[in-house]
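Spelled out, the chains give:
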Amino acid sequence: MHTERLSNWLQVLGSLGVILSLIFVGLQIKQSRDIAIADAYQQRAAMAIELFGSQLPPDRLWSAYSKAVLTDEPLSDEEAMAISWSFIPTMAYYENNYFQYQSGLLDQQHWESSLAAIKWLARYTVFRDWWVENGPTYRQSFKVVVDAAVAEEPVSKRLYSYE
C-alpha cells in the first residue's frame, strides 16, 4: 500500500514536471517569436532610414535647415519639402523605438528620450503639416502617441530656436 501511494505521488510529480517543462518551452517559443518580430521591424526601419536618408541631397537639406535655424524667413516649397522628406527616416527611427519599447526590448529611459524628441518636432508647423499627411501611414498605437504630442505642444515659429 505504501509503495502504491509513493508510486502515485511520483507519477503526479512526473506529470507536473512535464507540464512545467511544456510551459517553459512555450514561453521560450513566444520569446523567440517576439524577438524575431522585433528584429524584422528593426530591419524594416533600418531600410526606410537608409532608403529615404540616401535620397536627401545634403546641400539642399543643409540650406533648408540653415534657413530655418538662422532666419525668420518662410521656407520655399522646395526647402519645406527637403525638411519634410527628412521626417520619413526620423519617424521610422522613432516608430521602431516605440515598437521595441512596447515589446519590452527598449528601456523606459531610452523611450522617454525618443518621446521628448517627438514632442520637440511636434512644436513645428512644417512637421505638423507633414504629420497630417503622413501620420495615417503609421501604426495606430504610434500615431496616437504622436497625435498627443502634436496636441500638447505649443507651436513654434522657427524650426529650431536657441532661445
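Below is a summary of the structure that appears in this document. It should be emphasised that the depicted structure is a prediction, and the values quoted were computed from it without experimental measurement.

1. Regarding the overall build of the chain
Helix and strand counts for the chain come out as six helices and zero strands. Start at the N end of the chain and walk to the C end: the helices and strands fall as α-α-α-α-α-α. Within the chain, the fraction of its 163 residues that count as buried is 32%. A sequence separation of at least 24 residues applies to 68% of the contacts in the chain between residues at least 6 apart. Summing over all exposed atoms, the chain offers an accessible surface of approximately 10,900 Å²; the carbon and sulfur share of this is 61%.

2. Focus: the packing of aromatic side chains
Two aromatic rings, taken as a pair, are described by how far apart their centres are and by the angle between their planes. Taken as a whole and assessed by the stated rule, the structure comprises 14 aromatic pairs. Cluster of aromatic residues (ring-pair linked, three or more members): Phe-87, Tyr-98, Tyr-101, Trp-111, Phe-127, Trp-130, Trp-131, Tyr-138 and Phe-142.

3. Comments concerning the side chain of Asn-97
Mapped onto the secondary structure, Asn-97 falls in helix H3 (residues 77-102). Asn-97 gets classed as buried once you look at its relative accessible area, which sits at 5%. Residues in contact with Asn-97, not counting those within four places in the same chain, are Leu-106, His-110, Trp-111 and Ser-114.

4. Structural notes on the pattern of salt bridges
For the coordinates displayed, the defined rule picks out four salt bridges. Where Lys-67 meets Glu-73, a salt bridge forms, and the shortest distance between an N and an O atom there is 4.0 Å. Each member of the salt-bridge network shares a partner with another, and the members are Lys-67, Glu-73 and Glu-79.

5. Observations regarding the nonpolar core
Residues Ile-83, Met-91, Phe-127, Trp-130, Trp-131, Phe-142 and Val-146 are the most contacted members of the largest nonpolar core, which totals 27 residues. Within the residue set of this core, elements represented by two or more residues are helix H2 (58-70), H3, helix H4 (108-121), helix H5 (125-134) and helix H6 (140-152). With seven residues, the top contributor of residues to this core is H3. If near-sequence neighbours (up to four positions away) are discounted, Met-91 is found in contact with Leu-121, Phe-127, Trp-130, Trp-131, Tyr-138, Phe-142 and Val-146.

6. Points about the packing of H2 against H3
Relative orientation of the contacting elements H2 and H3 amounts to 105°, with a least axis distance of 9 Å. In this view, H2 runs roughly perpendicular relative to H3, as classed from their interaxial angle. For the pair H2 and H3, the contacting residues are Arg-60, Leu-61, Ser-63, Ala-64, Tyr-65, Lys-67 and Ala-68 in the first and Glu-78, Glu-79, Ala-82, Ile-83 and Ser-86 in the second. Tallied by class, the residues present in the contact of H2 with H3 amount to six nonpolar, two polar and four charged.

Rules used in this analysis
Residues numbered from 1 in each chain as written. Predicted model: local features only at pLDDT ≥ 70, side-chain atom pairs only at ≥ 80, totals over all residues. Heavy atoms only, no water. Helix = DSSP H or I, 4+ residues; strand = E, 2+ residues; numbered from the N terminus. Buried < 20%, exposed > 50% of the residue type's maximum accessible area, 1.4 Å probe, protein only. Contact = heavy atoms within 4.5 Å. Areas by Shrake-Rupley, 256 points an atom, 1.4 Å probe, with all protein chains shown as cover. Phe/Tyr/Trp six-rings, centres within 6.5 Å; stacked < 30°, edge-to-face > 60°. Salt bridge = Lys/Arg side-chain N within 4 Å of Asp/Glu carboxyl O. Core = buried A, V, L, I, M, F, W, Y, C linked by side-chain atoms within 4.5 Å. Axes fitted to C-alpha atoms, helices over the stretch in contact; angles between N-to-C directions. Parallel < 35°, antiparallel > 145°, perpendicular 65-115°, else oblique. Nonpolar A, V, L, I, M, F, W, Y, C, P; charged D, E, K, R; others polar.

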